[in-house]
Amino acid sequence: MPKQWPQDTIETLHSRIVYRCVIGSHAYGLDTDASDTDIRGCFLPPASMHWSLDGVPEQLENDERQECFWEFGKFVKLALQNNPNVLECLFTPLSEPIGPVGKRLVQARDAFPSKLAHGRYRGYVEDQMRRLDNKLKASGEIKWRHAMHMIRLLISGLDLMETGRVRVDVSEHRDELLAIRAGQVSWELVLARADELSRKLDEAYNTTSLPAQPDYALVNNLLLQARREALDF
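Here is what the cut-offs are and how they apply
Along each chain, residues carry numbers from 1 onward, in the same order as the chain's sequence is written. Since the coordinates come from a predicted model, pLDDT governs what is reported: local features require at least 70, and pairs of side-chain atoms require 80 or more to be given and counted, while whole-chain, interface and lining totals use all residues. Computation of side-chain values covers all heavy atoms of the structure but excludes hydrogens and water. With a 1.4 Å probe rolled over the protein chains alone, any residue whose accessible area is under 20% of its type maximum counts as buried; one over 50% counts as exposed, and the rest are partly exposed. Per the convention used, a helix needs a DSSP run of H or I reaching at least four residues, while a strand needs a run of E reaching at least two, with both numbered from the N terminus. Note on contacts: a residue pair is in contact if any heavy atoms of the two residues lie within 4.5 Å. Here a Phe, Tyr or Trp ring, Trp counted by its six-membered ring, pairs with any other such ring whose centre lies within 6.5 Å, and the pair is stacked when the planes are under 30 degrees apart, edge-to-face when over 60, and tilted otherwise. Note on geometry: a ring has a charge over it if NZ (lysine) or CZ (arginine) is within 6 Å of the ring centre and within 35 degrees of the ring normal. To obtain an axis, a line is fitted to C-alpha atoms, over the contacting stretch when the element is a helix, and the angle between two such axes runs from 0 to 180 degrees between their N-to-C directions. Angle categories are assigned with fixed cut-offs, so that under 35 degrees is roughly parallel, over 145 is roughly antiparallel, 65 to 115 is roughly perpendicular, and the rest are oblique. Only Asp, Glu, Lys and Arg are considered charged in this grouping, and only Ala, Val, Leu, Ile, Met, Phe, Trp, Tyr, Cys and Pro are considered nonpolar; every other residue, Gly among them, is considered polar. We treat two strands as partners when DSSP finds at least two bridges between them. Any Lys or Arg side-chain nitrogen located within 4 Å of an Asp or Glu carboxyl oxygen qualifies as a salt bridge. By nonpolar core we mean a set of buried residues, namely Ala, Val, Leu, Ile, Met, Phe, Trp, Tyr and Cys, connected to one another through side-chain atoms within 4.5 Å. When the sulfur atoms of two cysteines come within 2.5 Å, that pair is taken as a disulfide.

**Student:** When you look at helix α9 (residues 174–181) in this model, what are you seeing that I'm missing?
**Tutor:** Since there are 3.6 residues in each turn of an α-helix, residues three or four apart along the chain are aligned in direction. What α9 keeps buried is the set Leu177, Leu178, Ala179 and Ile180. Check the buried side of α9 and you find it contacts α8 (144–163) and α10 (187–205). Directly after α9, the chain includes glycine 183, whose backbone phi takes a positive value near 75°.

**Student:** I keep staring at the side chain of histidine 173 and nothing clicks. Help me out?
**Tutor:** Along the polypeptide, histidine 173 turns up in the loop between α8 and α9. You can call histidine 173 buried: its relative accessible area is 18%.

**Student:** For this particular structure, what's the right way to read the packing of aromatic side chains?
**Tutor:** For any pair of aromatic rings, the description consists of the separation of the ring centres together with the inter-plane angle of the planes. Per the counting criterion, the structure on display carries three aromatic pairs. Aromatic side chains tryptophan 70 and phenylalanine 75 sit 5.9 Å apart centroid to centroid with 50° between the ring planes, which places their arrangement in the tilted category. In textbook terms, an aromatic cluster arises when at least three aromatic residues are bridged by ring pairs, as seen for Tyr19, Trp70 and Phe75. Here the basic side chain of lysine 115 rests over the ring of tyrosine 205, its NZ or CZ set 4.7 Å away from the ring centre. Sitting over the ring of tyrosine 28, arginine 152 keeps its end group 3.8 Å from the ring centre.

**Student:** What's the story with the packing of α8 against α9 in this structure? I'm lost.
**Tutor:** When two helices pack together, their arrangement is given by the angle between their axes and by how far apart the axes lie. Axis separation between α8 and α9 bottoms out at 7 Å; the angle between their running directions is 150°. Here α8 lies roughly antiparallel to α9, going by the angle between them. Here α8 contributes Trp144, Arg145, Ala147, Met148, Ile151, Arg152 and Ile155 to the contact with α9, which in turn contributes Glu176, Leu177, Ile180 and Arg181. In terms of residue class, the contact of α8 with α9 is made up of seven nonpolar, no polar and four charged.

**Student:** Explanation requested: the sheet that holds strand β3 (residues 59–62) in the structure shown.
**Tutor:** Two orientations exist for strands paired in a sheet by backbone hydrogen bonds: parallel and antiparallel. As summarised here, the arrangement of the five strands in space is β3-β4-β2-β1-β5, forming an open sheet in which the pairing is mixed. The sheet terminates laterally at β3 and β5 (95–97), the two strands that pair on one side only. For this sheet, the mean inter-axis angle between neighbouring strands, taken without regard to orientation, is 15°. Strand direction decides the pairing type here: strand β1 (residues 17–23) and strand β2 (residues 38–43), joined by six bridges, are antiparallel. Its bridge partner lying in β2, cysteine 21 is registered against arginine 40.

**Student:** It is not clear to me how the pattern of salt bridges should be interpreted in this structure. Could you clarify?
**Tutor:** Once the charged atoms of two side chains with opposite charge are near each other, the side chains can pair. Evaluated as defined, the whole model comprises 17 salt bridges. Between arginine 193 and glutamate 196 there is a salt bridge whose closest N-O contact spans 3.1 Å. With arginine 193 and glutamate 196 both in helix α10, this residue pair falls three residues apart, about one helical turn. Overall, the relative accessible area of 27% leaves glutamate 196 in the partly exposed class. Shared partners join several salt bridges into a network, and the residues in it are Glu176, Arg193, Glu196 and Lys200.

**Student:** Please explain the nonpolar core as it appears in this structure.
**Tutor:** Where a protein is soluble and globular, its nonpolar side chains tend to be buried together. One finds Phe72, Phe75, Val76, Leu105, Phe112 and Ile151 to be the most contacted residues of the largest nonpolar core, which totals 60 residues. Those residues in contact with phenylalanine 72 that lie beyond four places of it in its chain are Val18, Cys42, Phe43, Leu44, Val101, Leu105, Leu222, Leu223 and Ala226. In terms of nonpolar packing, the next biggest core, distinct from the first, is built from ten residues, Ile39, Phe43, Val56 and Leu60 among them.

**Student:** Sorry if this is basic, but what is going on with the packing of helix α5 (residues 84–91) against helix α7 (residues 116–139) here?
**Tutor:** The N-to-C vectors of α5 and α7 enclose an angle of 120°; their axes lie 10 Å apart at closest approach. With respect to α7, the axis of α5 lies oblique. Contact residues: α5 offers Pro84, Asn85 and Leu87, while α7 offers Arg120, Tyr121 and Tyr124. In terms of residue class, the contact of α5 with α7 is made up of four nonpolar, one polar and one charged.

**Student:** Would you explain the state of the cysteines in this entry?
**Tutor:** Working definition of a disulfide: a covalent bond connecting the sulfur atoms of two cysteines. Under the counting rule described, the total for this entry stands at zero disulfides. Take cysteine 21: it sits in no disulfide, and the sulfur closest to it among the cysteines is that of cysteine 89, at 4.1 Å. Residue classification places cysteine 21 among the buried residues on the basis of a relative accessible area of 2%.

The following block contains the structure:
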């Protein structure tokens with residue numbers, strides 16, 4: 001059972017958010033009048049709270065406000081793993097670094113993408129494919145929104161392998177992706193598109209300019225500096 005954190009702890013940690021951003025359809029260039037605004041980011045807990053027996057939550061979530069904030073150390077570790085969702089948080093054009101810690105995080109964001117992203121993007125897509133296939137077998141239904149994000153993720157992963165940049169805005173593919181979300185494209189064509197993009201993603205991995213690993217030393221220094229500042233902040 002998840003731990004229930006006291007409200008004063010939650011309020012303290014919300015006051016220590018160092019990075020806030022918008023992801024989801026608004027960042028992807030796929031928003032419509034009905035789109036929610038998804039807020040993500042990270043917070044830096046005070047050292048005393050971090051060291052205490054109670055510790056701190058790894059993330060703060062508020063479903064009603066569509067918000068999720070990770071603890072700073074957890075955030076950078078996920079980014080080092082090239083978690084696609086967290087990379088999108090770092091590279092979305094709709095970002096708000098707060099204070100020196102948030103600004104240094106944004107300045108260091110190019111230290112995170114690496115060839116590890118290939119496996120992470122591939123893994124997310126394969127997991128989504130299994131879920132979609134299981135749903136289809138069980139109910140005869142396709143979750144078209146999930147199918148759209150599967151293709152979007154492949155487009156973004158391919159661009160990352162080819163250019164070395166994390167691509168968040170995919171508005172040039174807006175018509176294709178919104179047609180999939182609306183169920184206007186057959187499942188067979190979606191599968192064919194996924195196969196095509198997956199093949200290109202694998203080919204791009206062999207020629208990518210991305211480093212084999214993230215810059216762990218730089219990110220470790222970033223984390224240590226933030227932790228030291230948490231002594232007084």
